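If you want the building blocks of each chain, they are given just below.
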Amino acid sequence: MLVFSVHPNVSQGCQGGCATCSDYNGCLSCKPRLFFVLERIGMKQIGVCLSSCPSGYYGTRYPDINKCAKCKADCDTCFTRNFCTKCKSGFYLYSGKCLEKCPDGLEANNHTMECTSIVHCEASEWSPWSPCTKKGKTCGFKRGNEVRVREIVQHPSARGSPCPATSESRKCIVQRKRCQKEGKGKKNREEKRKKSNKEESKETRQESKGRAARRQNREQRENNNKTQPKKRKAPNKGESLAPGGAAH
């Protein structure tokens, strides 16, 4: 129960959400839905009315008054007195309580300041073995190495089991085959390219000659048609040729 040293002059025209107040004690009661809380100023406590409780307090509602009460000493913010939502420095939150040490099976998370489950490392399945190689090549040898890899799908927490190796190799034996010399292969490729270009040039020249021959034949036919005289039409029976060659 809140006890005040009430000044005789109680005012009804208060500021800052107070329903009633006094010059000595500040707010004595609050307007609806506001929380009443005592603030200490030196040796004196002053009543104030707030829309929500400050850090370190939790709100309770009663029919006649809504008030803020202090959280436990190790709790920074709380929902009720027995359920903390954030602990003060040096304590770890677990199930609404603030603990100096986390229970067995849990570990302290110094980032969130909470007791969390221990997370162990998890890796994926191994990939198939790679082709047998030696010094990065797949030819020119009989004994080589093949490798396989896997990925980390879950990294461990601070107290979790460490991750296993993500790659491994083993010896392998293959049938020896010769490697194609780089210079010879390059020379063959160059010869093929030149041969291809030569064939393309030959086809292009043949096409050009064919087009030129067809164009020349066409022009010759046109010239022959222009220089050849036109044949006269023979007169019909019964018609006679008039002097000068005109038919009557």
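Residues numbered from 1 in each chain as written. Predicted model: local features only at pLDDT ≥ 70, side-chain atom pairs only at ≥ 80, totals over all residues. Heavy atoms only, no water.

You'll find the chain entered in an unreviewed UniProt entry as R-spondin-3, with Calidris pygmaea given as the organism. Per UniProt, the chain carries the Sequence similarities (unreviewed entry) text "Belongs to the R-spondin family." If you open the UniProt record of the chain and go to Subunit (unreviewed entry), you find "Interacts with the extracellular domain of FZD8 and LRP6. It however does not form a ternary complex with FZD8 and LRP6. Interacts with WNT1. Binds heparin. Interacts with LGR4, LGR5 and LGR6." (UniProt positions renumbered as here; feature names shortened; annotations may be inferred.)

Visitor: Just to check I follow, could you spell out a negative patch on the surface for this structure?
Guide: A contiguous patch of negative charge, built from E199, E200, E203 and E207, is present on the exposed surface. Mapped onto the elements of the fold, E203 is located in helix 1 (residues 182–227). (Patch = residues over 30% accessible without salt bridge, like charges linked within 9 Å, V, L, I, M, F, W, Y side chains within 5 Å. Areas by Shrake-Rupley, 256 points an atom, 1.4 Å probe, with all protein chains shown as cover. Salt bridge = Lys/Arg side-chain N within 4 Å of Asp/Glu carboxyl O. Lys, Arg positive; Asp, Glu negative; His and termini not counted. Charge placed at Lys NZ, Arg CZ, Asp CG, Glu CD. Helix = DSSP H or I, 4+ residues; strand = E, 2+ residues; numbered from the N terminus.)

Visitor: Please clarify how the state of the cysteines should be interpreted in this entry.
Guide: Disulfide: a covalent bond formed between the sulfur atoms of two cysteine residues. Taken as a whole and assessed by the stated rule, the structure comprises ten disulfides. Through a disulfide, C53 is tied to C68; the S-S separation comes to 2.0 Å. Given an S-S torsion of about -90 degrees, the disulfide between C53 and C68 has left-handed geometry. Of the two residues, C53 sits in the loop between strand 5 (44–50) and strand 6 (57–61) while C68 sits in strand 7 (residues 66–70), which places them 15 residues apart along the sequence. (Disulfide = S-S within 2.5 Å.)

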